[in-house]
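# Descriptive analysis of the structure
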Amino acid sequence: MMTSSVKANPINIMDLFNSSKKLLICAPMVRYSTLPFRQLVKLYGCDLTFTHMILSDCFSKAQQARDAEFQYCESDRPLIAQFAAKEPSHFSEAAHLIAPYVDGVDLNCGCPQKWAIKEGIGACMCTNPALISSIVSQCRRKNPDLCISVKIRILPSLDETIKLAQVIESAGWFYTKTC
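So, a few notes on the structure that sits alongside this text. (Residues numbered from 1 in each chain as written. Predicted model: local features only at pLDDT ≥ 70, side-chain atom pairs only at ≥ 80, totals over all residues. Heavy atoms only, no water.)

## Section: the layout of surface pockets
Just so we agree on the cut-off: We place a 1 Å grid over just the protein atoms. Points where a 1.4 Å probe fits but has no way out form a cavity, open points with protein on both sides within 12 Å along at least 5 of 7 lines form a pocket, and any residue with an atom within 4 Å of a point lines it. Grid points are joined across faces, edges and corners, and a volume is the space filled by probe spheres set on the points. The way it works is that DSSP assigns letters per residue, a run of H or I at least four long becomes a helix, a run of E at least two long becomes a strand, and they are numbered from the N terminus.
Estimated volume of the second largest pocket: approximately 150 Å³. Lining the second largest pocket are Val30, Arg31, Thr34, His52, Met53, Leu55, Gln113 and Trp115. Tallying contributions element by element places strand β2 (residues 48-55) first for the lining of the second largest pocket, with three residues.

## Section: helix α7 (residues 129-142)
Going by this rule: The span one expects for a helix is its residue count, reduced by one, times 1.5 Å. Each residue is placed in one exposure class: buried if its accessible area under a 1.4 Å probe, protein chains only, is under 20% of its type's maximum, exposed if it is over 50%, and partly exposed if it falls in between. Contacts between residues were defined by any pair of non-hydrogen atoms, one from each residue, lying within 4.5 Å.
In this model α7 runs 20 Å from its N-terminal to its C-terminal C-alpha over 14 residues, within 8% of the 20 Å that 1.5 Å per residue would give. Three or more residues of α7 are buried, namely Ile132, Ser133, Ile135, Val136, Ser137, Cys139 and Arg140. Tucked inside the fold, the buried residues of α7 contact α5 (88-98), β4 (104-109), β5 (147-152) and α8 (158-171).

## Quick word on the pairing of β5
Heads up, the rule is: Whether two strands pair depends on DSSP finding at least two bridges between them.
Among the six residues in β5, six count as buried, and that is most of the element. A two-sided burial pattern is seen for β5, the buried positions comprising Cys147, Ser149 and Lys151 on one face and Ile148, Val150 and Ile152 on the other. Pairing of β4 with β5, which is carried by six bridges, proceeds in the parallel orientation. Bridging from a neighbouring strand, valine 105 pairs with isoleucine 148 of β5.

## Focus: the packing of aromatic side chains
Condition: Stacked, tilted and edge-to-face pairs are distinguished by plane angle, under 30 degrees for stacked and over 60 for edge-to-face with tilted covering the rest, among Phe, Tyr and Trp rings (Trp via its six-membered ring) whose centres lie within 6.5 Å.
Applying the stated criterion across every chain yields a total of six aromatic pairs. When the centroid spacing of 6.2 Å and the interplanar angle of 20 degrees are considered together, the rings of phenylalanine 70 and tyrosine 72 count as stacked. Each member of the pair, phenylalanine 70 as well as tyrosine 72, carries the same accessibility label: buried. Judged by centre distance (6.4 Å) and plane angle (55 degrees), the ring pair of phenylalanine 70 and tyrosine 101 falls under tilted. Within this pair, whereas phenylalanine 70 is found in the loop between α4 (63-69) and β3 (79-84), its partner tyrosine 101 is found in the loop between α5 and β4, the two being separated by 31 residues in sequence. Like phenylalanine 70, the residue tyrosine 101 is buried in the burial classification. Among the aromatic residues, those joined into a cluster by ring pairs are Phe59, Phe83 and Phe91.

## Quick look at unusual backbone geometry
In this chain, arginine 77 is followed by proline 78 through a cis amide linkage whose omega measures -5 degrees. When you line up the elements, proline 78 lands in the loop between α4 and β3. A positive phi angle is found at arginine 31, which is not glycine, with a value near 65 degrees. Residue position: arginine 31 is located in the loop between β1 (25-26) and α2 (35-43).

## Quick word on the pattern of salt bridges
Two side chains bearing opposite charge may form a pair once their charged atoms approach each other closely. Condition: Between Lys or Arg on one side and Asp or Glu on the other, a salt bridge is scored when a side-chain nitrogen of the former is within 4 Å of a carboxyl oxygen of the latter.
All told, the structure shown has five salt bridges when counted by the stated rule. Across the salt bridge formed by aspartate 47 and lysine 21, the nearest N and O atoms sit 2.3 Å from each other. Of this pair, aspartate 47 sits in the loop between α2 and β2 while lysine 21 sits in the loop between α1 (13-18) and β1, placing them 26 residues apart in sequence. When its relative accessible area of 12% is taken as the criterion, aspartate 47 is described as buried. Judged by relative accessible area, which is 48%, lysine 21 ranks as partly exposed. Within this structure, Glu74, Arg77 and Asp103 form a network of salt bridges that share partners.

Worth remembering: the numbers are spatial, not functional.
Now the structure itself:
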């Protein structure tokens, strides 16, 4: 459940990556990346956690969806909220709404589930770099200080993967995860 409290000192995710410490990161997992699970893995030394994939269109439009999909507490940081999006305005607004409670947002362009592909989200987005660029760019303009990452899949050729990463980089992302 989202509350009106705002975090006092956001954590700079890039500072984590730039430290000499080996990071333990718990990637988003369907049906498991809930607040209790994230708290558990942090008890065992996890440095950074992600929420499960949240649909940005529902999250940006309805308080009921926000309350159902996102639970948070101050000890849950650092935390990145992962969203699926196919509309720049939905991702940008969802990021804006959740920004006070997280340290970054992640655009999921790597989910291979059939239902996600059918909806035009997840891994199928890797074939549309212009859309990913538009989504990241709009989010960056609306949320200039928020860490934005993009989860992608390795494409059939290394050159295609590099070109996709370069397009995303020019749009304003901070880092890309590959799977």
